[in-house]
Amino acid sequence: MAKTILIADDSESIRAVVGFALREAGYDVIVANDGQHALDLLNQNDQVSLIVSDLNMPVKDGITFLKDVRSLDKFKYLPFIILTTESQETKKMEAKQSGATGWIIKPFVKEKLIAVIKKVIR
Amino acid sequence: MDQMKAIYIQEANELLENLEVSLLSLEDNPSDKSNIEQVFRVMHTLKGNSSMFGLAVIAEFVHDLETIYDKIRQGEMTLSKEILNTTLASFDHLNKIIVDSELQDPDNKKNHAELIQRIHALIHVEGVVPTPTKVEEVAKSDVLTLDGKNRTIHISFEPDETFLLDGSNPLLLIIEITQFGKSIVVPHIKPVEDILTFDPTKCLTSWDIFLETDVPISQIQDVFVFAEMSASISVSEYPCVELISNETFNKKVSELVQSESLISVEMISQLVKELGIAIETSNTTEISESEKIEIHSFDEVKIDEVKPDVPVANSPLVKEKVVSSIRVSSDKLDELMNLVSELVTTQASLTLYNQKNETPELEIISENIEKLSRRLRDIAFGMTLVPINNMFGRFQRLVRDVSLALNKEVQFVTEGGETELDKSIIETLTDPLMHIIRNSLDHGLELPETREKLGKPRKGTVKLKAFYSGISVYIQIIDDGKGIDAEVIREKAISKGFMKPDDVLTDKEIFDFIFYPGFSTAAVVTDISGRGVGMDVVKRNITELKGAILVESKVNVGTTLTIKLPLSLSIIDGLLVDVANVNYIIPLSVVDKCYEVENRQMMNNFNELLVLDDKQVPFINIRKEFGYQPLSGSEKSQIIVVSDAERKVGISVDHIVGEYQAVVKPIGKYYKNQDFISGATILGDGSIALVMDSHKIIDLYTEHVKYDMKS
């Protein structure tokens, strides 16, 4: 059974590229435009094995989304990867302290994305 | 990937559109935090996308811009006019290089360099050094080759108790490590003190991993990149030693595992030192105990007990894609509209057939199909309609640039941006509207000083307003400038020979001259507008859309241009009439009222005016115009009064058949030079009805009147 990954990014291009790469790697993909949309989808769908989320998003940013996810008992330990162009340590630290499992720094190549995903889910 | 690139370009264009809107409102209100945030966010997304698609030139460029707005956002810089101008110039440049990301156009290249300098200058003014972008390829692993020679690496991996809380799975990291080569994994499990108070979310396991590999150490450290912050990890390297293959080492390790919970680096170093000698003298080493060696491989360890309960449901997985909107090519939409209109026509013949045959079953089916096709029509129409807002954004920029060039102070107000219009209409409308707005700014609004003298506010107002009325959409461009002087137009019209000096025309008729080809009232022709080639083209464009345009103006108060447009081009609600047994359709949107008159009222008529409801209404006798035999005086005719934005004209027909939903088809190029018919539609019985072009009829009639007055 293919695992489902939820992608949250306000950029359609990123959603398309990441979605394409993940589908190719055999995952099922759900996409959301922003943190709130992602949270709604997550609540509707209990098959999500991993969240890949951008940090800078309208409506609800990635860190807030992450905190919301962690505050729900059901998703307390759900692997959560931050997708961001912020290469600064501060953002990564903030994300990690808020409960992020890992991060991917844009730009990335498909192989790198899959490698990071493999670190987090089997 | 080309498809991906297309998505990128499309999104980039959308982002740039957003950016423009935000920038322009920032200009009006430079301290608006939310707009700065928005600008920053858009740039950030654009940068991210560009770098993802390997467009380093764009990404770097946007990065520098973004730096400025990041500083503004953080309060380290203030938004100046200079910054805004540079940003807008950069915005224009970005629009170009989105499709020329390699800067192959020399102009783009030159611009690019100049803008980067300007941006850097801005950043430097504020004493901020631009940080280089990280758009280089993902760092390649250190090019450290060991000539295929293995060495042993010892990794001590001790996660914090909270390690599992963020969904990290240490086993996956260990699996990754063990794929690098031959390995021994030694788990250490801390004792559980009380099973009743045991917290399964705590990570109580740590690992010692021995790895015989030739991969660079950085690659191994990279495995733990997410774990660094919540675990203590040490990696030590023992070059040129293949420990795992060494029996003595294996034995030593198993002893250590049994005696102590953790293997320290010192211990291993010690061991290696000892073994350094041992390896050399390995000939004498006994291997009898080898079968006793017990290595805990991670497979045997029951870590599942402390593994967090990650909710992964096992119900059958439905592939689900959530899409809030999709992009459809306009060709497909046009085809859909076409099919819907065919369906409407087919459904009309079904209804007609049913009326003749009166089969109850068929009637039910026919009524259902009618309902369905109507809904389908509405939905299809809904898809082709787009809010006029999209277009308004572009004008904001135009107003800004033009008013800057003219040294005028202008407030641009838009109203009714949510009004929806057919996308093809919006496309055709952009240029005429741009021209009108340019005209308002150039010829309409006065200079700030002049305005003050007149007791008007320094800032002139140009208002763009859109609203529905019936099945038409009105767009108004209202300015509070100097207005159009009817007397000036009149004189000019006389000098150009458009009218005679003794003609008596209303102000509205006089204003109409500005739409005549070759008519320009501007004393000085400027770059911005006014070479007398504009307004006639504007009118022609709008007429092509079956719309009408009307000017109202008062000297020193302002000018209002009203454009009236039909909601959709291809399917109209019409009034089906017949003249001499030929069917015609008159668009219902223009029909004002219907009257019945005796024919002799029209026959004994010299000025072609009828008195209807105590008002004089000019009329056109279709029988006369189309060369049919006139009806006898005692027979009755129907007068259908149609009106455009202002004028009213009666059209005489024999009978009114009723309302009809008409799918308007073009009638071909051989008929394009006539003025009465704008299209044709197929009726339920397969016969054809011609669609009257009411606006052209009204125009034609007005000319007719003028001709009369001249002669």
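> Looking at this structure, I do not really get the overall build of chain A. What am I missing?
When you go through chain A residue by residue, the secondary structure sums to 5 helices and 5 strands. When the helices and strands of chain A are placed in sequence order, the string is β-α-β-α-β-α-β-α-β-α. Each of the 122 residues in chain A was classed as buried or not, and the buried ones make up 66%. Relative to all contacts within chain A whose residues are 6 or more apart in sequence, the contacts with residues 24 or more apart total 62%.

> Explain the overall build of chain B here, please?
From N to C terminus, chain B includes 20 helices and 21 strands. Considering chain B as a whole, with its 711 residues, one finds that 47% of them fall into the buried category. For chain B, restricting intrachain contacts to residue pairs at least 6 apart in sequence, the fraction spanning at least 24 positions comes to 71%. For chain B, the exposed surface amounts to about 37,000 Å²; the carbon and sulfur share of it is 52%.

> What is the right way to look at the sheet that holds strand E2 (residues 28-32) of chain A in this model?
For sheets, the rule is that strands pair by backbone hydrogen bonds, running either parallel or antiparallel. All names here are of chain A. The parallel open sheet is built from 5 strands, whose spatial order is E2-E1-E3-E4-E5. With one partner strand each, in any of the chains shown, E2 and strand E5 (102-105) form the two edges of the open sheet. With direction set aside, neighbouring strand axes in the sheet form an average angle of 20°. Inspection of the sheet shows strand E1 (residues 4-8) paired to E2 by 5 bridges, in the parallel sense. Bridged to Ile7 within E2 is Val31.

> Just to check I follow, could you spell out the nonpolar core for this structure?
Among soluble globular proteins, nonpolar side chains are generally buried collectively. Of all hydrophobic cores here, the largest spans 87 residues; its most connected members are Leu6 and Leu22 of chain A together with Tyr69 of chain B. If one sorts the elements of this core by residue count, helix H1 (residues 2-28) of chain B sits on top with 9 residues. When neighbours within four sequence positions are excluded, Leu6 of chain A is seen to be in contact with Ile30, Ala32, Ala38, Leu41, Leu42, Val48, Leu50, Ile51, Val52 and Phe65 of chain A. With 48 residues, the next largest nonpolar core counts Phe392, Phe395, Leu441 and Val538 of chain B among its residues.

> I would appreciate a short explanation of the environment of Ser366 of chain B in the present structure.
Residue and element names in this part refer to chain B. As for its placement among the helices and strands, Ser366 is situated in helix H11 (residues 360-384). Overall, Ser366 belongs to the buried group, its relative accessible area being 2%. For Ser366, the residues in contact, after removing those within four places along its chain, are Leu350, Thr351 and Asn354.

> Sorry, what's going on with the packing of helix H13 (residues 423-444) of chain B against helix H17 (residues 535-544) of chain B here?
Each packed pair of helices is defined by two parameters, the angle between the axes and the distance between the axes. All names here are of chain B. Contact geometry of H13 with H17 gives a least axis separation of 9 Å together with a crossing angle of 145°. Like other packed secondary-structure pairs, H13 and H17 cross with a definite hand, here left-handed. Of the residues in H17, those in contact with Leu429, Pro432, His435, Ile436 and Asn439 of H13 are Met535, Val538, Asn541 and Ile542.

> For this particular structure, what's the right way to read the confidence of the model for chain A?
The predicted coordinates ought not to be read in detail in places where the model reports low pLDDT. Averaged over chain A, the pLDDT score is 84; the fraction of residues at 70 or greater is 96%. Summarising per-element confidence for chain A, the mean pLDDT is lowest in helix H4 (residues 89-97) of chain A (78) and highest in E1 of chain A (91).

> Even after reading the chapter, I still don't get the packing of aromatic side chains, so can you show me in this structure?
To describe a pair of aromatic rings, one takes the distance between the centres and the angle between the planes. According to the stated counting rule, one finds 9 aromatic pairs over all chains in the structure shown. Relative to Phe226 of chain B, the ring of Trp103 of chain A lies with its centre 4.8 Å away and its plane at 65°, an arrangement referred to as edge-to-face. One end of the pair, Trp103 of chain A, is in strand E5; the other, Phe226 of chain B, is in the loop between helix H7 (217-223) and strand E4 (231-238), on a second chain. Exposure remark for Trp103 of chain A: the relative accessible area of 8% places this residue in the buried category. We classify Phe226 of chain B as buried; its relative accessible area is 7%.

> Where do I start with the sheet that holds strand E12 (residues 571-579) of chain B in this structure?
All names here are of chain B. The strand order E19-E12-E13-E21-E20 describes an open sheet built from 5 strands, whose pairing is mixed. Edge positions in the open sheet fall to strand E19 (655-663) and strand E20 (677-682), since each of these has one partner strand only. Ignoring which end each strand starts from, the neighbouring axes of this sheet average 35° apart. Both strand E13 (residues 582-587) and strand E21 (residues 688-692) contribute to a ladder of 2 bridges, which runs parallel. Opposite Ile585, over in E21, you have Val691 as the bridge partner. Of the strands in this sheet, E12, E19 and E20 are in contact with helix H10 (residues 330-357), which crosses E19 at around 140°.

> When you look at the environment of Arg647 of chain B in this model, what are you seeing that I'm missing?
Structurally, Arg647 of chain B can be placed in the loop between strand E17 (636-643) and strand E18 (648-653). For the pair Arg647 of chain B and Ile698 of chain B, spaced 51 residues apart in sequence, the C-alpha to C-alpha distance is 7.6 Å.

> Looking at this model, I keep getting lost on the pattern of salt bridges. Mind explaining?
In a structure, side chains of opposite charge can pair up when their charged atoms sit close to one another. Tallying each qualifying case throughout the model produces 29 salt bridges over all chains. Between Lys60 of chain A and Asp68 of chain A there is a salt bridge; the shortest N-O distance is 2.5 Å. In this structure Asp68 of chain A comes out as partly exposed when scored by relative accessible area, which is 22%. Here Arg458 of chain B ties to Glu452 of chain B by a salt bridge, and the two come within 3.4 Å at their closest N and O atoms. Through salt bridges with shared partners, one network takes in Glu20, Glu27, Lys81, Asp92, Arg397, Arg400 and Asp401 of chain B.

> Hey, could you run me through H13 of chain B in this one?
Residues spaced three or four apart along an α-helix point in a common direction, a consequence of the helix completing one turn every 3.6 residues. For H13 of chain B, built from 22 residues, the straight-helix expectation of 32 Å at 1.5 Å per residue is met to within 8% by its first-to-last C-alpha distance of 29 Å. Along H13 of chain B, the helix axis deviates most sharply at Leu429 of chain B, where the bend reaches about 35°; the proline Pro432 of chain B sits within four residues downstream.

> Explanation requested: unusual backbone geometry in the structure shown.
Most peptide bonds are trans, and most residues other than glycine sit at a negative phi. Residue Asn556 of chain B is not a glycine yet carries a positive backbone phi of 65°. Of note, Asn556 of chain B is situated in the loop between strand E10 (548-554) and strand E11 (558-566).

> Looking at this model, I keep getting lost on the confidence of the model for chain B. Mind explaining?
All names here are of chain B. The predicted model of chain B averages 76 in pLDDT, with 79% of residues at 70 or higher. Put simply, helix H20 (residues 694-710) is where chain B has its lowest mean pLDDT, 57, and E13 is where it has its highest, 89. In the model, residues 706-711 has pLDDT below 50 throughout and makes 7 contacts with residues more than four positions away in sequence or in other chains. Scored as a complex, the prediction yields pTM 0.46 and ipTM 0.79.

> Sorry if this is basic, but what is going on with the packing of helix H3 (residues 56-73) of chain B against helix H4 (residues 81-97) of chain B here?
Residue and element names in this part refer to chain B. Where H3 meets H4, the axes come as close as 11 Å, and the angle between the chain directions of the two elements is 155°. On the basis of their axis angle, the class for H3 and H4 is roughly antiparallel. For the crossing formed where H3 meets H4, the hand is left-handed. Contacts between H3 and H4 pair Ile58, Phe61, Val62, Leu65, Ile68, Tyr69 and Ile72 from the former with Ile83, Leu84, Thr87, Ser90, His93, Leu94 and Ile97 from the latter. A breakdown of the residues in the contact of H3 with H4 according to their chemical character gives 11 nonpolar, 3 polar and no charged.

> Even after reading the chapter, I still don't get a nonpolar patch on the surface, so can you show me in this structure?
Residues and elements named next belong to chain B. A surface patch of nonpolar side chains, amounting to about 360 Å² of accessible area, comprises Val192, Ile195 and Leu196. Tracing the backbone shows Ile195 in the loop between strand E2 (182-189) and strand E3 (205-213). Taking the relative accessible area as the measure of exposure, Ile195 reaches 67% and is therefore exposed.

> Any chance you could explain H3 of chain B here in plain terms?
Residues and elements named next belong to chain B. The terminal C-alpha atoms of H3, which comprises 18 residues, lie 24 Å apart, in line with the 26 Å expected from a rise of 1.5 Å per residue. A large share of H3 lies buried, amounting to 13 of its 18 residues. Gly75 lies just past H3 and shows a positive phi near 80°.

The rules behind the values
Residues numbered from 1 in each chain as written. Chains lettered and ligands numbered in written order. Predicted model: local features only at pLDDT ≥ 70, side-chain atom pairs only at ≥ 80, totals over all residues. Heavy atoms only, no water. Helix = DSSP H or I, 4+ residues; strand = E, 2+ residues; numbered from the N terminus. Buried < 20%, exposed > 50% of the residue type's maximum accessible area, 1.4 Å probe, protein only. Contact = heavy atoms within 4.5 Å. Areas by Shrake-Rupley, 256 points an atom, 1.4 Å probe, with all protein chains shown as cover. Pairing = 2+ DSSP bridges. Axes fitted to C-alpha atoms, helices over the stretch in contact; angles between N-to-C directions. Core = buried A, V, L, I, M, F, W, Y, C linked by side-chain atoms within 4.5 Å. Left-handed = near helix turned anticlockwise from the far one by under 90°. pLDDT = per-residue confidence, 0-100. Phe/Tyr/Trp six-rings, centres within 6.5 Å; stacked < 30°, edge-to-face > 60°. Salt bridge = Lys/Arg side-chain N within 4 Å of Asp/Glu carboxyl O. Expected span 1.5 Å × (residues − 1). Bend = angle between axes of the 7 residues up to and from the residue. Parallel < 35°, antiparallel > 145°, perpendicular 65-115°, else oblique. Nonpolar A, V, L, I, M, F, W, Y, C, P; charged D, E, K, R; others polar. Patch = residues over 30% accessible without salt bridge, like charges linked within 9 Å, V, L, I, M, F, W, Y side chains within 5 Å.

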